[in-house]
Protein chains: 2
Amino acid sequence: MEGKQERHKTKSIRCIVKLGGAAITCKNELEKINKESLDIVSSQLRQAMISGRSTPTKGPGMDWSKRHGESEVFCTEDDFGEDAFADSSRFVVVHGAGSFGHFQASKSGVHKGGLGQPLVKAGFVATRISVTSLNLEIVRALAREGIPSVGMSPFTCGWSTSERNIAAADLSMVAKAIDSGFIPVLHGDAVLDELQGCSILSGDVIIRHLAAQLKPEYVVFLTDVLGVYDRPPVEPTAVLLQEIVETTVAAHDTTGGMMTKITEAAMIARLGIDVYIVKAATSYSLRALNGELRGNIPDDWYGTVIRFVS
Amino acid sequence: MEGKQERHKTKSIRCIVKLGGAAITCKNELEKINKESLDIVSSQLRQAMISGRSTPTKGPGMDWSKRHGESEVFCTEDDFGEDAFADSSRFVVVHGAGSFGHFQASKSGVHKGGLGQPLVKAGFVATRISVTSLNLEIVRALAREGIPSVGMSPFTCGWSTSERNIAAADLSMVAKAIDSGFIPVLHGDAVLDELQGCSILSGDVIIRHLAAQLKPEYVVFLTDVLGVYDRPPVEPTAVLLQEIVETTVAAHDTTGGMMTKITEAAMIARLGIDVYIVKAATSYSLRALNGELRGNIPDDWYGTVIRFVS
């Protein structure tokens, strides 16, 4: 198994993308997808994956399932002349939960463990139903853009935690999917925990682990704000930080959700991987996904770059 | 890893159940679940899992997600007083595809391999979207009955084939889920194939592998006919075979779909495990799931038992 993983590591990953829960769902409405944002994000991902190729137009869709209120999708062999994703697609997508899963997890305390309690066990089941529902809809949105995406739940992959830190996370199946030309789509999930029975493995922690193991060229966090500010962005004097040099991260005054993200991002930057935190579904996110920011940050780009300076 | 699997094997599995695609979907209508049948099957599974316990009534649901056209599900800690599934639930569920996945797979030829062809790759993605949609709906139906079910896709588990036979199928995660008190729900899936790139791993082949590794007390195939007949059941003189002794199986004149099932069932019987093929959502299926048929087959039971006689 170890030998196989080594073999997979030799093939380079271009980009790991985090679709923030707040960017792709309506965070104040239970289990509602922000369809407009998700569609733009999917389109930008397709453009970024095939950048530099001769066929930038949208390919035939790969979701051939019925949809509520929509007509069926049909396909013919002629639609699939060329594989636009054959060589250039080496992306991994991870998404958060947003308004999916959080209600179920917090209501039952899945993150605190205790699977022996009936309410926690029920909450574990309910949380997984909710987050895998979202995963399926994101895979479908990507597939409709012609992106060969495959959903991969961390729980099912055998990922587990030990007091909420990753204890086991076999990447061999993720690597095989990439080597076969697919885009793995992982997500924050309820998982088994060696010490407390169960816990919640967040998308941000998954991203850090994937980055450490797969060593992508860059990592993009798509969020619902422009980037990282020097204070909570609701304050009128808040200033967007265009670049954070890794060693200064701890000094910034940031809010809870963003703090976790920055901590994880800083740990990725420490590996020598550029990290971009950028607002989803904007021209800035497209440039970040394209890898245009590598080396220099243009003045007309808004977002936050986290870099490591040794 | 080997040591862990050995440890898991020491805990006994009571029953592996196959929900036949034809029994839980409307086979002539694309992606339509047979909701009435699925609800009865889910209820019977709950009854079988907690048989002998003091709380045979339906427990609180574990699907707390919104449903199209239905009101939201709420729960309180008081609803979850006792864990009815704590000790007695050691079941594994595997379902077929029915009217999900078959269209996508046959349209693109996923079963014949060739992932380098864009149509096959698209079909692989489309097939997985369809079968995981069905898996999610079955997990939800079971959860609504209070069964702590967790969806586990074979592709994501890292299962793969070699010219359509199982090449790799790590059961450690399935075993861990069972040991944590969950009911794993697997399904026929599009998987990677070592020689031809990709293929379809059928639910019946999964069942045989699970039975060989987990050694359940008995295996139940829920189908849309009463059992195995001596000729195609549409013929007026067809006779239901109540018992098949393993060595005679090859002599029976059976139709395509049923032939695969009987071959797989015979290979399970050869392991010394009783196999029942029975019509879903009937009093006969409930008795089979309950394990009432072990040792003797009552005269008023209709179905087919496949046993090994050495």
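Thresholds, definitions, all that
- Residues numbered from 1 in each chain as written.
- Chains lettered and ligands numbered in written order.
- Predicted model: local features only at pLDDT ≥ 70, side-chain atom pairs only at ≥ 80, totals over all residues.
- Heavy atoms only, no water.
- Buried < 20%, exposed > 50% of the residue type's maximum accessible area, 1.4 Å probe, protein only.
- Helix = DSSP H or I, 4+ residues; strand = E, 2+ residues; numbered from the N terminus.
- Axes fitted to C-alpha atoms, helices over the stretch in contact; angles between N-to-C directions.
- Left-handed = near helix turned anticlockwise from the far one by under 90°.
- Contact = heavy atoms within 4.5 Å.
- Nonpolar A, V, L, I, M, F, W, Y, C, P; charged D, E, K, R; others polar.
- Buried area = accessible area lost by both parts, 1.4 Å probe.
- Salt bridge = Lys/Arg side-chain N within 4 Å of Asp/Glu carboxyl O.
- Polar contact = N/O pair within 3.5 Å; in protein donor to acceptor, adjacent residues only side chain to side chain.
- Core = buried A, V, L, I, M, F, W, Y, C linked by side-chain atoms within 4.5 Å.
- Pairing = 2+ DSSP bridges.

Asker: How would you explain helix α7 (residues 172-179) of chain B if you had to name every residue and give the values?
Answerer: Structural remark: α-helix, 3.6 residues per turn; residues separated by three or four positions point the same way. Burial of α7(B) is extensive: six of the eight residues sit out of reach of the surface. Taken from the residues just after α7(B), Gly181(B) is the one with a positive phi, measuring 90 degrees.

Asker: Kindly report on the packing of helix α3 (residues 35-49) of chain A against helix α10 (residues 283-290) of chain A, identifying the contributing residues and their values.
Answerer: All names here are of chain A. Across the interface, α3 lies against α10 with an axial gap of 9 Å and an inter-helix angle of 35 degrees. Two packed elements cross with a definite hand, and for α3 against α10 that hand is right-handed. Residues Gln44, Leu45, Gln47 and Ala48 of α3 touch α10, and the partners they reach there are Ser285, Leu286, Leu289 and Asn290. Across the contact of α3 with α10, the residue classes break down as four nonpolar, four polar and no charged.

Asker: Which residues make up the interface of chain B and chain A, and what values do they have?
Answerer: Facing 56 residues of chain B, the contacting portion of chain A comprises 57 residues. Taken over both partners, the interface formed by chain B and chain A buries close to 4,900 Å², and the fraction arising from carbon and sulfur atoms is 70%. Counting every contact that joins chain B to chain A gives zero salt bridges. Where chain B meets chain A, there are 14 residue pairs in polar contact (both at pLDDT 80 or more).

Asker: Just give me the short version of the nonpolar core, but keep the residues and values in it.
Answerer: One finds Leu45(A), Phe124(A), Leu45(B) and Phe124(B) to be the most contacted residues of the largest nonpolar core, which totals 177 residues. Ignoring anything within four residues of it in the chain, the contact list for Phe124(B) reads Val150(A), Phe182(A), Val110(B), Leu115(B), Phe155(B), Ala190(B), Val191(B), Leu192(B) and Cys198(B).

Asker: Requested: an account of the sheet that holds strand β1 (residues 15-19) of chain B, with residues and values cited.
Answerer: All names here are of chain B. One open sheet accounts for eight strands, arranged β3-β6-β2-β1-β9-β11-β12-β10; its pairing is mixed. Strands at the two margins of the open sheet, each flanked by one partner only, are β3 (149-151) and β10 (243-245). Going across the sheet, the axis of each strand differs from the next one's by a mean of 20 degrees, ignoring polarity. Summarising the sheet, β1 and strand β9 (residues 218-223) pair through five bridges and their orientation is parallel. Counterpart to Cys15 in the pairing with β9 is Tyr218. Relative to the sheet, helix α5 (residues 118-144) contacts β1, β2 (91-95), β3 and β6 (183-187), its axis offset from that of β6 by approximately 155 degrees.

Purely spatial values, then, with no claim about function.
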